[in-house]
Amino acid sequence: MPLADDDTVATIGDGGRRVWLYPLKVWGRYVTARTLFGWALFAVLLIAPWIDVGGHPAMMFDIPRRRFYLWGLTLFATDANYLLFLFGSFIFSVFLFTALLGRVWCGWACPQTVFLEGIIRPIEQLIEGPPSQRKRLDAAPWTVSKIWKKGLKLAAFLVVAGAISTTVVAYFIGREGIFEAQADPFSHPVATSIFIALTAVLMFDFTWFREQVCIVACPYGRFQSVLMDADSLTIAYDTGRGEPRGKPRDPNAGDCIDCKKCVQVCPTGIDIRKGVQMECINCTACIDACDSIMDKLGRERGLIRYTSENALATGQVRLLRPRVILYALVLVAIGTGFATALTLRQPVEIAMTRPPGEPFTVRPDGRLQNLMRLRIANKGAEPRTFTASVAAPEGGDLFAPVAEMTVGPDAVGQFPVLLIRNAAGPQRTPFVIRVRGDGGFEGTVEATFIAPPPAAEGGE
Ligand code: SF4
Ligand code: SF4
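Residues numbered from 1 in each chain as written. Chains lettered and ligands numbered in written order. Predicted model: local features only at pLDDT ≥ 70, side-chain atom pairs only at ≥ 80, totals over all residues. Heavy atoms only, no water.

Quick one: what's the story with the site of ligand 1, residue by residue and with numbers?
Lining the immediate environment of ligand 1, one finds Tyr237, Cys256, Ile257, Asp258, Cys259, Lys260, Cys262, Arg273, Cys290, Met294 and Ile304. The residue inventory of the shell around ligand 1, partitioned by class, reads 8 nonpolar, no polar and 3 charged. (Near = heavy atom within 4 Å. Nonpolar A, V, L, I, M, F, W, Y, C, P; charged D, E, K, R; others polar.)

Right, dumping it as structure tokens:
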């Protein structure tokens, strides 16, 4: 039995068949602003791994060396807490922005929308023409002209997918790595595999899956309803003003002339006049489409507009609600914590570890020694030289085969040191090692000196 119009989504036809959409391209103040914003975002994301900030790629996640470069900030594996701050601020920003502005992420910043609406559909329109022409071309038998157009479109999509995949892989192996991988794919087998897989996924998305990502695959579209409330901003049709629909000259009709332009431009194929729907990605196309009609009719713009359910019903806009205040407070707390952690961040980190093997040996002079390893992480942009000495206990000694330990910028050095103590004494003695370095650095690190167990009283 065929489903009623309201019981199904526009891209699913009889028997579950995919209905291909041919959304009409519309330009207006919102679509223009959104496109410019998307391109700016796209440009930042695309150039970040290729430009240097502070001697490193602006953004790079160097997993083998356990370094993360974020616009001049270098994070080491020991800085995982900073990543937690960043992750926490991302999550709560999504919460806050969704509660306030609804699905603004989907329409303005999501890579799927930016790539599809800002690059892929314009390329398609350039090669195959406007929607009516594309529809005819798809239905037409294969001819040389159709093969040429489809081939050219696929080649253009492949260039875009390849450029995006190259950039994504460059985020992890750097630009030198990506050049090496492209010159010799077997030199970076994992990166090459990711590049091929990502390009294939993007081609699948660009050529076929498209709006289905938002409708069936994206989890954010599903859980955003719990983050929104009746006061969250959304794109909605003003039923009170638009209904009943009718001819422009009908004195009893509302402002909607039922031209369906808002439906024709919708990339997910929905009719916004049926109310707020999960498939709506807040792309603003229907606002501009309807505004163009209102302009022609000499009526006020905004029959479809950014508003909220409550604002439509009561005329009241309520920005400050408990959930908004709560999310904002959490974000401020995370931001303060992040700023404090960055301010207190040590440019050098020191640690003492014990290599495997004998915990102690007896020196020729009868004293005991423990071989330890001093680990120094230099997080600065200049090389630093360090020296180590014993701060405690009294009578403890230290011998460093490398007396002046130099660690390069953004590098970790590991140096053997010998802790020395008289043979008489407890089995375990806490040692405090003082490390001094260039730039006035001074820090201490603790280590436990291990001696043989004292001989049992009365023993042989
Ligand atoms: S574009 Fe405006 S006038 Fe036309 S159908 Fe949609 S809401 Fe009605
Ligand atoms: S209903 Fe309007 S805002 Fe929502 S996806 Fe369709 S065109 Fe975009």
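Alright, that's what it looks like, and here's the rest.
Account for the packing of aromatic side chains, with residues named and values stated.
Two descriptors summarise a pair of aromatic rings, namely the distance from one centre to the other and the angle between the planes of the rings. Under the counting rule described, the total for this entry stands at 18 aromatic pairs. Measuring from centroid to centroid gives 5.8 Å for phenylalanine 85 and phenylalanine 338, while their planes differ by 45 degrees, and the two rings are tilted. Of this pair, phenylalanine 85 sits in helix α2 (residues 80–101) while phenylalanine 338 sits in helix α14 (residues 322–343); the two residues are 253 residues apart in sequence, bridging distant segments of the chain. Here phenylalanine 338 falls in the buried class, since its relative accessible area comes to 18%. A ring pair is formed by phenylalanine 157 and phenylalanine 206, whose centres lie 6.3 Å apart and whose planes are at 75 degrees; its orientation type is edge-to-face. Of this pair, phenylalanine 157 sits in helix α6 (residues 144–183) while phenylalanine 206 sits in helix α7 (residues 189–209); the two residues are 49 residues apart in sequence, bridging distant segments of the chain. Here phenylalanine 157 and phenylalanine 206 have matching classes, each one buried. (Phe/Tyr/Trp six-rings, centres within 6.5 Å; stacked < 30°, edge-to-face > 60°. Helix = DSSP H or I, 4+ residues; strand = E, 2+ residues; numbered from the N terminus. Buried < 20%, exposed > 50% of the residue type's maximum accessible area, 1.4 Å probe, protein only.)

Quick one: what's the story with the packing of helix α1 (residues 29–47) against helix α4 (residues 111–128), residue by residue and with numbers?
Interaxial distance between α1 and α4 falls to 10 Å at its minimum, and their mutual angle equals 110 degrees. Considered as vectors, α1 and α4 are oriented roughly perpendicular to each other. Between α1 and α4 lies a crossing of left-handed hand. Together, Arg34, Gly38, Trp39 and Phe42 of α1 and Thr113, Val114, Phe115, Gly118 and Ile119 of α4 make up the contact between the two elements. Grouping the amino acids of the contact of α1 with α4 by side-chain chemistry returns 5 nonpolar, 3 polar and 1 charged. (Axes fitted to C-alpha atoms, helices over the stretch in contact; angles between N-to-C directions. Parallel < 35°, antiparallel > 145°, perpendicular 65-115°, else oblique. Left-handed = near helix turned anticlockwise from the far one by under 90°. Contact = heavy atoms within 4.5 Å.)

Describe the nonpolar core, with residues and values.
Membership of the largest hydrophobic core comes to 31 residues, with the highest contact counts inside it found for Cys286 and Ile304. For this core, the elements supplying multiple residues, two or more each, are α2, α9 (219–227), β6 (234–237), α12 (285–297) and α14. (Core = buried A, V, L, I, M, F, W, Y, C linked by side-chain atoms within 4.5 Å.)

Lay out a nonpolar patch on the surface with the relevant residues and their values.
Taken together, the side chains of Val317, Leu319, Leu320, Ile325 and Leu329 present a nonpolar region at the surface, about 540 Å² in accessible area. The residue valine 317 is located in the loop between α13 (309–314) and α14 in this model. (Patch = residues over 30% accessible without salt bridge, like charges linked within 9 Å, V, L, I, M, F, W, Y side chains within 5 Å. Areas by Shrake-Rupley, 256 points an atom, 1.4 Å probe, with all protein chains shown as cover. Salt bridge = Lys/Arg side-chain N within 4 Å of Asp/Glu carboxyl O.)

Hey, could you go over the sheet that holds strand β11 (residues 384–392) for me, with residue numbers and the actual values?
Pairing is antiparallel across the open sheet formed by 4 strands, whose spatial order is β13-β11-β15-β16. At either end of the open sheet lies a strand with only one pairing partner, and these are β13 (405–407) and β16 (441–450). Strand after strand, the sheet turns through a mean of 35 degrees between neighbouring axes, direction not considered. Here 10 bridges tie strand β15 (residues 428–437) to β16, and the two strands are oriented antiparallel to one another. (Pairing = 2+ DSSP bridges.)

I'd like to hear about the site of ligand 2, residue by residue, with values.
Close contacts around ligand 2 come from Ile235, Cys266, Pro267, Thr268, Ile270, Ile272, Cys280, Ile281, Asn282, Cys283, Thr284 and Cys286, and that covers them all. Class assignment of the residues belonging to the shell around ligand 2 gives a composition of 9 nonpolar, 3 polar and no charged.

Account for the pattern of salt bridges, with residues named and values stated.
Enumeration according to the criterion identifies 28 salt bridges in this entry. One salt bridge connects arginine 301 with aspartate 295, and the closest N-O pair in it is separated by 2.8 Å. We classify arginine 301 as partly exposed; its relative accessible area is 37%. Overall, the relative accessible area of 39% leaves aspartate 295 in the partly exposed class. Connected through salt bridges with shared partners, the residues Glu124, Glu128, Arg134, Asp138, Lys150, Lys153 and Arg210 form a single ionic network.

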